[in-house]
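One-letter residues, chain by chain:
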Amino acid sequence: PTDSLSTDSLPPPPILRRWRGTGGAMSDSNEDETYECPLCFVPIAGSIMQCKNGHISCEGCHRDCKEKFQGKCPTCNIPLDDIRNRALEEMRDRLAK
């Protein structure tokens, strides 16, 4: 047995949570959705950042993680780079129209 963590054993990356309106009920509908950061639960209006394993956050939480967690992802503990998830940004922007 090895003590190192294999990326094969990591769970899939989290997705943006979708909430309908302000009532907090989960919805499969695109109506009145906001896309929230899984760390601070605030709607992400700007850049969606991610670690190399795909764990996402808003730009503010990404910056805070770089400062408060020694530059490591709080989910998988790998060093953070400044990687934007443009695919999720585009999906969010298209659904907002």
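Refer to the structure printed above.
Read on for an overview of the structure.

What counts and how
- Residues numbered from 1 in each chain as written.
- Predicted model: local features only at pLDDT ≥ 70, side-chain atom pairs only at ≥ 80, totals over all residues.
- Heavy atoms only, no water.
- Core = buried A, V, L, I, M, F, W, Y, C linked by side-chain atoms within 4.5 Å.
- Buried < 20%, exposed > 50% of the residue type's maximum accessible area, 1.4 Å probe, protein only.
- Salt bridge = Lys/Arg side-chain N within 4 Å of Asp/Glu carboxyl O.
- Helix = DSSP H or I, 4+ residues; strand = E, 2+ residues; numbered from the N terminus.

Observations concerning the nonpolar core
Ranked by size, the top nonpolar core spans seven residues in total: Cys37, Ile44, Ile48, Ile56, Cys58, Cys61 and Leu88. Within the second largest apolar cluster, five residues are counted, among which are Cys51, Cys65, Cys73 and Leu80.

Focus on the pattern of salt bridges
As enumerated under the stated definition, the model contains five salt bridges in all. Residue Glu90 is joined to Arg94 by a salt bridge in which the shortest nitrogen-to-oxygen separation is 2.8 Å. Here Glu90 pairs with Arg94, and both are found in helix 2 (residues 86-96), just four residues apart, close to one helical turn. Using a relative accessible area of 41% as the deciding quantity, one classes Glu90 as partly exposed. Salt-bridge contacts for Asp93 lead to Arg92; the nearest nitrogen and oxygen are separated by 2.9 Å. In this structure Asp93 comes out as partly exposed when scored by relative accessible area, which is 39%.

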